[in-house]
Amino acid sequence: MDNIAGQKSSLTWAVHISVVVLVVLWLLPTVGLLVSSFRSADQIATTGWWKSLFPQEQNLVIRTERPDAQEFIDGVYVLEGNLFELGDAADGVVSVWGTSSREIDAYSAGETADLGDKGLLTIQANGDYRFENQSEFSGSRGQRVFMTAVSPPSFSLDNYRNVLFSNSSSSSMGKAFINTLTVSIPATIIPILIAAFAAYALAWMDFPGRALLVAFVVGLLVVPLQLALIPLLKLHLGVGIGKGYLGVWLAHTGFGLPLAIYLLRNYMVGLPKDIIENARVDGATEFQIFVKIILPLSFPALASFAIFQFLWTWNDLLVALVFLIDSSGDTTVMTRQIIELLGSKGGNWEILATAAFISITVPLIVFFAMQKYLVRGLLAGSVK
Amino acid sequence: MAELSISKIRKSYGDLEVIKGVDLEVEKGEFVVFVGPSGCGKSTLLRMIAGLEDITEGELRIGDELCNNVHPGDRGIAMVFQSYALYPHMNVADNIGFNLKISGYPADVRQEKIQKAAQVLQIQHLLDRKPSQLSGGQRQRVAIGRAIVREPQVFLFDEPLSNLDAALRVEMRMELSALHRKLGATIIYVTHDQIEAMTLADKIVVLDGGVVQQVGSPIELYQRPNNIFVAGFIGSPKMNFFEVDVIALHDNAVEVKGTSIEPVKVPADTTGIVVGDKMTLGIRPQNLDFDPNGPVHGTIEMAERLGSETILNCKTADNTPLLAVLDRDESFAHGAAVRFSFAPVHSILFAADGSSKLTA
């Protein structure tokens, strides 16, 4: 009774565990990047992203307002305000505080510290402070306060604002994002168009040398593209295309075609012959068969190749560096931009995380939007 | 005038010749069935008519037109495939209307024709469904609908019922027959099932090894087969064949004797037959009757009791299989020696080259 179809295999649990492991392996870094990209540099420096949903204890150093903001009320000079606002920090709850770096936990919240001739400083748990003195405050800077505060989780879009829209050329991911799209979309569509036609011919049209052509295409699959970089670039420069979008589209098309033709041909060969013959008897020309029957039925294959090609061109650095990016920097793609960020802002994790997440959003969207075509069996029910 | 005529048609794949010169005339409104064992070339012949296979040699005329090199879509034919070959991404209405759309009919005409075809086949309620949502019989109807909407000169059916279960097959067979009467269409139908051939056909073409063995009406083929192949192929269960020797010649009759057959006189055309010739005697199982004094001897191997009839699987002394169908229920002991009699008029003598020696 163990092998009856429809019964659960005893290995089901192994499958489930593998799935869970894979999902966790994939989710951990992705979610980590996503969460980090919404956090400030301070938050990233003090705690890991997995703690970001919980309140966290931070040590802050904030100065009170400068003496020129003092007021004279009821015979005493007073400085009042909220330290969190002054320090531009997220609201929190002060537990202990001090005025010297050696004793940052000298007082608890609500206590009043007697700072001698500097005056009396009171700090409430919510960060409100009152600094009063019989004599006038002097000097140019406010009193330093070291506090230990528990802040609630806070997220902001500041990083995205910085990375996408700042005008400094070194961190303008916005422009690189557009450039990458400009490379990827045509570099996905052009090879699919060409490959679909070629695959149909190689699968269903009789002509001499067809088998040799298929073998040739399969052979091209194993040729490393690095071999072609320099000759191709020379050719591009020679015929006047030069470095630019057209060049990189052509290069991606050429490098993507063998796989595209191979995948699509194999899929199309598997389509039922009867359907195509029936269309022929129905009076369809080869082109009509291709457009009205083959293309719709090949949609899963087209979609899966589109996903492959899009991801590869999106993440590509090598081909873009060779065929696209020139000294002007106007055509920088995101992969290149991230490398520059690593160099110039290697310590700014919030910037790097944000840039990285921007560069993976589109692949994620593409994958989730198209994944059903990878698994859908469009042919169900056509032939018995 | 013939709706479709084939003359001396041949088809070779390289050195292998699969259709070896076929001649055939199909009249308007005729239901012609190609029948034969697997690999006999019947499907190839149909596909040549459809234009899906090139014609190596010979002429194919549909109506008046020489169609050897005409595109399948322009031949005035419609074909129903064994697998139905519905377009899986289109709903039923689009499937039926695909040809019309390609031929550039305006949408309203198209709609009208689709409705009409759907009505004939009673599939109006299925027009919005995808093929994957249909049952086998419904898919079959859609496939036929796709053919009739084109109003072709000739319908081609390639084993259209072989994917259906037995009950549905009988039902669809009757519907096809009714459809043929209703449309008055010319139909060429390929099958390996000789019951389908017998019940549907006006004219049966028996093919074997790429050669036409006989063309004729079902009853003609059953009663007066040209040769031993046709005799064995048409009729169920299969005709019994016995090796016999000619012992005497009479006027329009031959007296023969075999190892398990006592001398009998069989009506036959005696031209070319001499005493001592080896011949084959064919007797249909239905014509054998249980008779303790009969001339045919055998031993019962197995008796299949079907209620209305009993099929006796026997062996003769020289191990020739012998089938007899009794139109009543009767029980027999395994291994029992039995004897059968038969009406000599219903038996056929075949010469050594396989040709039948029927009296004129």
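The shown structure was predicted, so the numbers you read here are calculated from the model rather than taken from an experiment.

### Side note on the overall build of chain A
Counting its regular elements, chain A contains 14 helices and nine strands. Here chain A has a C-alpha radius of gyration of 32 Å; the compact-globule value for 384 residues is 21 Å, and the former is much larger. With respect to the three principal axes, the spread of C-alpha positions in chain A is 105 × 70 × 35 Å. Buried positions account for 30% of the 384 residues belonging to chain A. Relative to all contacts within chain A whose residues are 6 or more apart in sequence, the contacts with residues 24 or more apart total 72%.

### Regarding the UniProt feature "domain: ABC transmembrane type-1" (unreviewed entry) in chain A
Following the UniProt record, the feature "domain: ABC transmembrane type-1" (unreviewed entry) maps to residues 177-370 of chain A here. With 80% helix and 0% strand, residues 177-370 of chain A has end C-alpha atoms that lie 21 Å from one another.

### So, the UniProt feature "transmembrane region" (unreviewed entry) in chain A
Residue and element names in this part refer to chain A. The positions that UniProt labels "transmembrane region" (unreviewed entry) are, in the present scheme, residues 13-35, 176-205, 211-233, 245-264, 289-311 and 351-370. Strand forms 0% of residues 13-35 and helix 100%; the C-alpha atoms that close the span are 31 Å apart. Taken end to end, residues 176-205 is 97% helix and 0% strand, and its first and last C-alpha atoms sit 43 Å apart.

### Quick word on the interface of chain B and chain A
The partner chain A presents 21 residues to the 25 residues of chain B that form the contact. When residues of the side of chain B that touches chain A are traced back to their parent elements, those giving at least two are β6 (77-80) and α2 (92-102) of chain B. Each residue belonging to the side of chain B that touches chain A can be placed in one class, and the counts come to 15 nonpolar, eight polar and two charged.

### A closer look at the domain arrangement of chain B
All names here are of chain B. Domains assigned within chain B are domain 1 (2-233) and domain 2 (240-350). A C-alpha centroid distance of 38 Å is found between domain 1 and domain 2. Each partner contributes to the interface: domain 1 provides four residues, whereas domain 2 provides five residues. Here the residues of the side of domain 1 that touches domain 2 are counted per class, giving three nonpolar, one polar and no charged.

### What to know about the sheet that holds strand β5 (residues 107-108) of chain A
All names here are of chain A. With antiparallel pairing, four strands are arranged side by side in an open sheet as β1-β9-β4-β5. This sheet does not close on itself; its edge strands, each paired only once, are β1 (56-63) and β5. For strand β4 (residues 93-98) and β5, the ladder comprises two bridges, and the chain directions are antiparallel. The residue of β5 that forms the bridge with Val-96 is Ser-108.

### Regarding the pairing of strand β19 (residues 337-342) of chain B
Residues and elements named next belong to chain B. Burial along β19 is one-sided: Val-338, Phe-340 and Phe-342 are buried, while Ala-337, Arg-339 and Ser-341, pointing the other way, are not. In this sheet, β19 lies alongside strand β15 (residues 288-290) in antiparallel orientation, the contact comprising three bridges. Within β19, the position partnered with Asp-289 by the bridge is Ser-341. Sheet topology places strand β16 (residues 296-305) next to β19; four bridges connect them, and they run antiparallel. When the bridges of β19 are listed, His-297 appears paired with Arg-339.

### Regarding the UniProt feature "domain: ABC transporter" (unreviewed entry) in chain B
Under the feature "domain: ABC transporter" (unreviewed entry), the UniProt entry names residues 4-234 of chain B. In this annotation, residues 4-234 of chain B is assigned 37% helix and 27% strand; the end-to-end C-alpha distance for the span is 25 Å.

### Regarding the packing of helix α6 (residues 210-221) of chain A against helix α8 (residues 245-269) of chain A
Residues and elements named next belong to chain A. Taken N-terminus to C-terminus, the directions of α6 and α8 make an angle of 130 degrees; their axes are 8 Å apart at the nearest point. Considered as vectors, α6 and α8 are oriented oblique to each other. Taken as a pair, α6 and α8 cross one another with a handedness that is left-handed. Residues Val-214, Val-217, Val-218, Leu-220 and Leu-221 of α6 lie in contact with α8, whose contacting residues are Pro-258, Leu-259, Ile-261, Tyr-262 and Arg-265. By residue class, the composition of the contact of α6 with α8 is nine nonpolar, no polar and one charged.

### Here we look at the sheet that holds strand β18 (residues 321-326) of chain B
All names here are of chain B. The strand order β15-β19-β16-β17-β18 describes an open sheet built from five strands, whose pairing is antiparallel. Each edge of the open sheet carries a strand with a single partner, namely β15 and β18. On average, each strand axis in the sheet is inclined to that of its neighbour by 50 degrees, with strand direction left out of account.

### Regarding the pairing of strand β17 (residues 310-315) of chain B
All names here are of chain B. Where β16 and β17 come together, six bridges link them in antiparallel fashion. Its bridge partner being in β17, Arg-305 is matched across the sheet by Thr-310. From the end of β16 to the start of β17, which pair antiparallel, there are four residues, and Gly-307 there has a positive phi angle of about 90 degrees. Relative to β18, β17 is paired through six bridges, and the arrangement is antiparallel. Bridging across to β18, Cys-314 finds its partner in Leu-322.

### Observations regarding the confidence of the model for chain B
Residues and elements named next belong to chain B. Here chain B averages 90 in pLDDT, and 99% of its residues register 70 or above. The element-level mean pLDDT for chain B is lowest in β15, coming to 88, with strand β3 (residues 31-35) highest at 94. Under the prediction, the complex receives an ipTM of 0.83, its pTM being 0.76.

### What to know about the nonpolar core
Judged by nonpolar contacts, the single largest core of 128 residues is most densely connected at Leu264(A), Val33(B), Leu156(B) and Ile188(B). For this core, the element with the highest residue contribution is helix α5 (residues 173-204) of chain A, accounting for eight residues. Other than its neighbours up to four places away in sequence, Leu264(A) contacts Ala195(A), Ala196(A), Ala199(A), Ser298(A), Ala301(A) and Phe305(A). Grouped together as the second largest cluster of nonpolar side chains are 25 residues, Ala176(A), Val322(A), Phe323(A) and Met334(A) included.

### Quick notes on helix α1 (residues 42-50) of chain B
Residue and element names in this part refer to chain B. The buried fraction of α1 is high, at nine of nine residues. When α1 is considered as a whole, its buried residues turn out to be Lys-42, Ser-43, Thr-44, Leu-45, Leu-46, Arg-47, Met-48, Ile-49 and Ala-50. Immediately downstream of α1, the backbone of Gly-51 shows phi near 95 degrees, a positive value.

### Observations concerning the domain arrangement of chain A
The assigned domain composition of chain A is domain 1 (12-50), domain 2 (55-152) and domain 3 (163-378). On a C-alpha basis, the centroid separation for the pair domain 1 of chain A and domain 2 of chain A is 38 Å.

### Quick look at unusual backbone geometry
All names here are of chain B. Cis geometry marks the peptide bond from Ser-236 to Pro-237; its omega dihedral reads -5 degrees. Tracing the backbone through its elements, the reader meets Pro-237 in the loop between α8 (228-233) and β11 (240-250). A positive phi is found at Asn-319, a non-glycine position, where the angle reads about 65 degrees. On the secondary structure map, Asn-319 appears in the loop between β17 and β18. By the C-beta count within 10 Å, which is 8 here, Asn-319 ends up exposed.

### So, helix α9 (residues 273-281) of chain A
Across the nine residues of α9(A), seven count as buried, placing the element largely inside the fold. Inspection of α9(A) places Ile275(A), Ile276(A), Glu277(A), Asn278(A), Ala279(A), Arg280(A) and Val281(A) among the buried residues, and these make up the whole buried set. On its buried face, α9(A) sits against α5 and α10 (286-297) of chain A together with α1 and β6 of chain B. Once α9(A) ends, the next one or two residues include Gly283(A), with phi positive near 100 degrees.

So, how was this worked out
Counting restarts for each chain, with residues numbered from 1 along the sequence as it is written. Think of it this way: whatever chain is written first is A, whatever ligand is written first is 1, and the rest follow in order. Restriction of local features to residues with pLDDT of at least 70 applies here, the model being predicted, together with a cutoff of 80 or more for giving and counting side-chain atom pairs; totals for whole chains, interfaces and linings are based on all residues. Secondary structure elements are defined from DSSP: runs of H or I of at least 4 residues count as helices, runs of E of at least 2 residues count as strands, and each element is numbered from the N terminus. Radius of gyration: over C-alpha atoms. The globule rule applied is 2.2 Å multiplied by the number of residues raised to the 0.38 power. Field definition: a residue is buried when 20 or more other C-beta atoms are found within 10 Å of its C-beta, exposed when 12 or fewer are, and partly exposed for counts in between, with C-beta atoms placed from the backbone. Here contacts are defined at the residue level, using C-beta atoms placed from the backbone and a cut-off of 7 Å between them. UniProt positions are given in the numbering used here, feature names are shortened, and annotations may be inferred rather than shown by experiment. Amino acid classes used here: Ala, Val, Leu, Ile, Met, Phe, Trp, Tyr, Cys and Pro are nonpolar; Asp, Glu, Lys and Arg are charged; the rest, including Gly, are polar. Domain ranges listed in this record stem from an automatic or a database domain assignment. Strand pairing is assigned whenever DSSP identifies at least 2 bridges connecting the two strands. Comment: axis = line fitted to C-alpha atoms, over the contacting stretch for helices; angle = value between 0 and 180 degrees taken between N-to-C directions. Roughly parallel means an angle under 35 degrees; roughly antiparallel, over 145; roughly perpendicular, 65 to 115; everything else is oblique. Two helices cross in a left-handed way if the nearer one is turned anticlockwise from the farther one by less than a right angle. They cross in a right-handed way if the turn is clockwise. On a range of 0 to 100, pLDDT expresses the predictor's confidence in each residue. Think of a nonpolar core as buried Ala, Val, Leu, Ile, Met, Phe, Trp, Tyr and Cys residues, each tied to the set through C-beta atoms within 7 Å.

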